[in-house]
Structures are given as C-alpha cells and as structure tokens.
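Read off the chains here:
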Amino acid sequence: MATSTSNSGGTATAVTTVNSQIFTHFSDEDIIDSGQTTVTENVWSSEIGGTLTAFFTSSVQVSSSGDYYYDVYQTTYSATSAAVQFAIAYGNAQGSGSYEKFTNMGVSGYTPSKAVYFQYANILLPNGTSRFTVNGNSINDFIAINFQRERVKEVLDPGNWELTVDNGAGVITTLVDSNTGISESSVSETYDIVSGSISSGIYSSTSPVYYGKAYPKYGMLIFDARVLKNSASIDIAETEHSSSESNNIGTMFDAIKAGASFTARNKQTIASQYYFVRVKNNKYNYSNNPTYWVTGSLRFADFVSDPVSYITTVGLYNDSTELLAVAKISQPIKKTKTTESLIRVCLNF
Amino acid sequence: MGYLSNATILVDAILTKKGREKLASGTDNFSISLFALSDDELDYKLWNPNHTLGATYYGEAIEHLPILEAIADESLLMKYKLISLPIQTIYGPTVSVTPTSFALISPGASVTLTPSTYPANAQLYSATINNTTDFTLVATEQSTGGGGMSTDSGMSMAASGAGGGATVQTSQTAVGSKFKVTSKNYNNSTRSCIVTITGIDTGGTATASGTAYAYVTSGGGNMSTN
C-alpha cells in the first residue's frame, strides 16, 4: 500500500489507501507451448572449435584402467582445463588382444578385451544377439570410441562427425557414417561407418568399405578391427598374451593422434515455452528502487503526474511467488502512463 | 514518412536454482503463473529533468545503460520491483518488521515477526529465510483479508529448504501476514540468519536478523544456556 493523492481540480489531496500491485497473472493466452526445437552443437570442450586436433591421455588413468580403455583429453591431463572428450576401448569375443589379467581363475580367455566385447554387445545389440555384424560379416574384435555423455547430450548427430586416422606410415583414412550428405529428421539406431568426409560425402558410395557401426543414441562408434587393419593399415593385434598387453587401444590412439582431426556434433531436442508479458499503460509506472525515492517521497516532482520507470528484468514466478526463471533485457525499456510494452520471454528446458 | 515499428521485444529466460529444483521434482511442480518486473541495476538519480534538449533526453543516461546478464541465484534477483500505483502518488510504500533483530538461546525457541506497511494497512508478505539448516520459518497467519491484494488469494506457504546438509544453507519462503522463526540449533557454535520480508503488493522490503546461540557442552552432555 502507499499513500497517494487524488487529482481534484489540480490540487493534490492526501488519501490513505490505494491499490498497489507487484505481480500480474498470466492469462491462458499469454503462455504458448511452442513444441520442440532441434539444436546441434560441437561436442568438444567449449574452447575447441568444431574439430579436435590434439589428443592426450592420462598416465594415471592408463595405469589404473588402461587394460580396458583410454580416456582422451583435449590438452595435457594435468592442465586445469583438461576434460575427457571421449574414450577408446578394445573388445575381442575370444579374449585375445589382451593379457590374462585374472590368472587365479584358472580358465583362459577371461581377459579385459573379452569383458569389453560383451559389455558393448549387451548394451548395443538386441537381446539374443552376441556378435556385432558389419555389412553382414560377424565382427570378432572391435575398437570402440565412446563419447562422454554430457558431450553427446541427446544423440551424436549422424552425418556430422568425421574422424581421420593415420597409421604413421602414410596411410590416412577419413571415416564418416552412412548418413553423411543425407538430411533426415529422425535418428536411426545405427548407421554404417564408411570412408568419406562431411564435405565430399561417402567415397565410392556405390561400393563403400564398411568400417563399423555408429550408434548415435548411445554416443558410440564400433570399428571392425580387421577392416581397420586391412583397409586403414592400423595394426590391431589379436595375439593373446599371457603376461603382456597387445596395446591395441594405444595403437588406435596413436592413429587418431596422428590423424589430428576429429569433428563431431551432438543433437538435442529442446522444449520451448513462450510467455507474453503484457505491460499495460497504467501498470508498473513506479519503482521500489531506492534511488526512485527520497525519504519516502518521489525523487522528481515530474513523476507525480507523469511517472517514469524502466524495465530491465522480467521475473517469472509460481503462485507461491517463488522466482523460477528470469530474463534480462539488453537495454532498459522506458515505461510511462502513455506507453505499453509487450515482451516475449522464451524459456528453453 | 517512416515505418511504424511493430517489434516485440524477445528475450531468453534462464531457470533459477529454485526453478531447476522445481523442474527436477517434476514438471507438475514447475508452474509459472505470475510475472513481475524489476530495475535492479538502475540509478534514477541519473534522470536529468534539466537536460537542455528537452524531456526526450531526461532519461538518456539511463536508457543507454547496457544491462548485465542474469544469474541463477533467485535470492539475488528482482530486488527492486516495479510497482503499479495510481497516478499522482507521492509517497512510496514502506515496509517494516518487528523485531528487527532477535536472539534464540535454545533449540525450539521461537520468535514471531510482525511486518507492517506504512501507512498501516493489511496485506500479505513474503518472507524468506536464508538459513534452513539451523532455523525454520512458518507463516502463522496466512491471510488478513485486507483490501488491495492483487495476487492469488490462495497463496500458500512455499517451503523448499533442503533440510539436510550440515554445511549448505538453503533458503525457504513463506507467505502470510506474520511469521514464526524457530531455532533448531543443536550445534556447538552460534548460528545466524536473515529474514527478508517483502510486501506482496508493494514490493517494499524489510529485514530481521537473528542469532541462535551455541548449545553449550558441559560434562560430556549437552546443556542449554537458557
């Protein structure tokens, strides 16, 4: 409540009670659910552009869990800005390619590579299917690239990733998925991984070399190790070692590092809601800002008959007057008794 | 002849911590129904009624001010709300609270905070306490039935403090006309709180600061200093 004066014959006369108002109810037509909007963005750490060109591992992580996977960073892992971008793993259905880590079990083949193979199989393959297949061929062993979930957000954007691998001896291969160059609104469960580029499309599109499968909803890429070996000349070893590691993960990491180019985007659907904030001419013409008043009176005499206020912030509340969302306006909006404002507030979540 | 502008101002909103909390607890709990406007960062002393170029330029210094980005802490936002008052208003709303400071010397001790608005008139207030780890806040009178209320008549207490977490002080808000603050301090240290009371219809604010004194340990057991 505030004391006001009534305008009687141009003479201000004090009265004691007036209505005041801080909050305004939205009406039904003021709130619009605009449905969903699809947004894609770079998956890497924000300081990286669209392409990751430098790759680092952590000796701490590799020594503790490197039998199973390597975490890959965008910078030296000890740097404050270091963040895991993706992980590389090696899986082998027979358990080859890694050493007998669990010797006390007395049974051969229970290696990290076997555990990894069926870990990914259980996640990615339909119930009752235990082997990955690429272009109809069963995969015995694979290299997996697994994106950090927070980077993929909802899905890895199919057709918008490109990985270059270099075997270190002059064989450079660029890999994409089969959705490259194709526009589709929905995302399938899997896409074939083939050679090609985002800009030029799939190489030999009528008879491409199939390198593996992309699982965009999981943020995972599965590469057939034998095709990597035969077509990209990356030396993935299947030899089972009793006491040493084949280091297939390290071999793939070296190929990615030498390739020095990994582009990927994520894709997510955002729900948007619009709130139409209608500020009528006779509303919100005064302020509780302490600079608006001097010892309880209006600072400027002109404001008595022509009050002026400025809007810089819109607060969105629930019925309990809890502030749930807030929107700032780039420059103050002048509000007088002869002006009205319409502010459209967009809330994404 | 120029073109008339039909532009609508479009701005993006961000969720506050409270908004995220409500959304996380289910979309049914996230229901925006009210809006308010504020001008927190403006200094109206920059209004210059003596500008030589005339009335259009009185607010020039204010109108060109770039506005800072929003932050997520709702307790730091919307401090100075715009208010709808009749034209010819001279005096602004003044909210006060009694007492303005209090001391609670044992767990379970409480104090009643009574806000008022000058000139005297019945209305609802929103009270927010900044420490729910050591204090509770409840509205003891939900409504006074006074005139001039322009928001929901069905406003209810909105308690959302985490309750747990010994080191995290979360805020709690209640709506009513009187408020009771109770100490739940079983710790061996003095704890404090600030209750900010805002007139629902006026936006005027007043604060009360409180202290809960340590629960003194003696002879291996806890003993109140009360």
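Just so we're clear, the structure is a prediction, and the values are computed from it rather than from any experiment. (Residues numbered from 1 in each chain as written. Chains lettered and ligands numbered in written order. Predicted model: local features only at pLDDT ≥ 70, side-chain atom pairs only at ≥ 80, totals over all residues. Heavy atoms only, no water.)

A. Main features of the overall build of chain A. Across its full length, chain A holds six helices and 25 strands. The proportion of buried residues among the 349 residues of chain A is 52%. Within chain A, counting contacts between residues at least 6 apart in sequence, those at least 24 apart form 59% of the total. Per element, the accessible surface of chain A, about 14900 Å² overall, is 46% carbon and sulfur. (Helix = DSSP H or I, 4+ residues; strand = E, 2+ residues; numbered from the N terminus. Buried < 20%, exposed > 50% of the residue type's maximum accessible area, 1.4 Å probe, protein only. Contact = heavy atoms within 4.5 Å. Areas by Shrake-Rupley, 256 points an atom, 1.4 Å probe, with all protein chains shown as cover.)

B. Just the nonpolar core, in detail. Ranked by size, the top nonpolar core spans 52 residues in total, and within it A:Val277, A:Val314, A:Leu316, A:Ile343, A:Val345, B:Ile32 and B:Leu37 carry the most contacts. Of all the secondary structure elements, the ones that give two or more residues to this core are β19 (265–279), α6 (302–305), β23 (309–317), β24 (323–335) and β25 (341–348) of chain A together with β1 (9–15), β2 (34–38) and β3 (82–83) of chain B. A total of seven residues in this core trace back to one element, the largest contributor, which is β24(A). When near neighbours in sequence (up to four residues on either side) are disregarded, A:Val345 contacts A:Gln273, A:Tyr274, A:Tyr275, A:Val277, A:Val314, A:Leu316, A:Ala327, B:Val11 and B:Ala13. Core analysis: the second largest hydrophobic core is formed by 40 residues, A:Val152, A:Ile193, A:Leu221 and A:Met252 among them. (Core = buried A, V, L, I, M, F, W, Y, C linked by side-chain atoms within 4.5 Å.)

C. Representation of the interface of chain A and chain B within the structure. Listed per partner, the contact involves 80 residues of chain A and 82 residues of chain B. At the surface where chain A touches chain B, the tally comes to two salt bridges. B:Glu41 serves as the salt-bridge partner of A:Lys328, at 2.9 Å between the closest nitrogen and oxygen. Where chain A meets chain B, there are 39 residue pairs in polar contact (both at pLDDT 80 or more). For the side of chain A that touches chain B, the element with the highest residue contribution is β24(A), accounting for twelve residues. Examined bridge by bridge, β24(A) and β1(B) share three bridges and lie antiparallel to one another. Paired with A:Ala325 across the bridge in β1(B) is B:Leu15. (Salt bridge = Lys/Arg side-chain N within 4 Å of Asp/Glu carboxyl O. Polar contact = N/O pair within 3.5 Å; in protein donor to acceptor, adjacent residues only side chain to side chain. Pairing = 2+ DSSP bridges.)

D. Geometry of the sheet that holds strand β4 (residues 94–98) of chain B. All names here are of chain B. Strand order across the open sheet formed by four strands is β4-β6-β10-β8, with antiparallel pairing between neighbours. What marks the edges here is a single partner per strand, and that holds for β4 and β8 (135–141). Each strand axis lies, on average, 25° off the axis of its neighbour in the sheet, ignoring direction. Pairing between strand β6 (residues 110–118) and strand β10 (residues 178–183): four bridges, direction antiparallel. Paired with Thr-112 across the bridge in β10 is Lys-180. (Axes fitted to C-alpha atoms, helices over the stretch in contact; angles between N-to-C directions.)

E. Broad picture of the pattern of salt bridges. All names here are of chain B. Under the criterion given, the structure shown has twelve salt bridges over all chains. Residues Asp-134 and Arg-191 are paired through a salt bridge, measuring 3.2 Å at the closest nitrogen-oxygen approach. Here Asp-134, found in the loop between β7 (125–129) and β8, pairs with Arg-191, found in strand β11 (residues 191–199); they are 57 residues apart in sequence, far enough to count as distant. Judged by relative accessible area, Arg-191 falls into the partly exposed class, the value being 22%.

F. Representation of the environment of A:Ser261 in the model. All names here are of chain A. Its place among the elements puts Ser-261 in strand β18 (residues 261–263). The class for Ser-261 is buried, based on a relative accessible area of 17%. Considered as a pair, Ser-261 and Gly-50 are 211 residues apart in the sequence and their alpha carbons are 9.8 Å apart. Ignoring sequence-local partners within four residues, the contact set of Ser-261 consists of Thr-51, Leu-52, Phe-55, Glu-162, Leu-163 and Thr-164.

G. Focus on the packing of aromatic side chains. All names here are of chain A. Taken as a whole, this structure holds 26 aromatic pairs over all chains when the rule is applied. Judged by centre distance (5.1 Å) and plane angle (65°), the ring pair of Tyr-117 and Phe-118 falls under edge-to-face. For Tyr-117, a relative accessible area of 0% gives the class buried. A centroid spacing of 5.3 Å and a plane angle of 65° characterise the contact between Phe-300 and Phe-303, whose relative ring orientation is edge-to-face. Taking relative accessible area as the criterion, Phe-300 reaches 12% and is therefore assigned buried. (Phe/Tyr/Trp six-rings, centres within 6.5 Å; stacked < 30°, edge-to-face > 60°.)

H. Broad picture of the environment of A:Ala327. With respect to the helices, strands and loops of the structure, A:Ala327 is situated in strand β24. Placed 19 residues apart in sequence, A:Ala327 and A:Cys346 show a C-alpha to C-alpha distance of 8.5 Å.

I. Looking closely at the sheet that holds strand β5 (residues 101–104) of chain B. Residue and element names in this part refer to chain B. Strand order in the open sheet made by the five strands is β5-β12-β11-β7-β9, with mixed pairing throughout. Each end of this open sheet is capped by a strand with a single partner; those strands are β5 and β9 (172–176). Looking at each pair of strands side by side, their axes are set apart by 20° on average, direction ignored. In the sheet, β5 pairs with strand β12 (residues 205–212) via four bridges, with the strands oriented parallel. Its bridge partner lying in β12, Phe-102 is registered against Gly-210.

J. Structural context of unusual backbone geometry. Residue B:Pro99 is reached from B:Thr98 by a cis peptide bond, and omega for that bond is -10°. Residue placement: B:Pro99 occurs in the loop between β4 and β5. Backbone geometry places A:Thr321, a non-glycine residue, at a positive phi of 60°. Summarising the element assignment, A:Thr321 is placed in the loop between β23 and β24.

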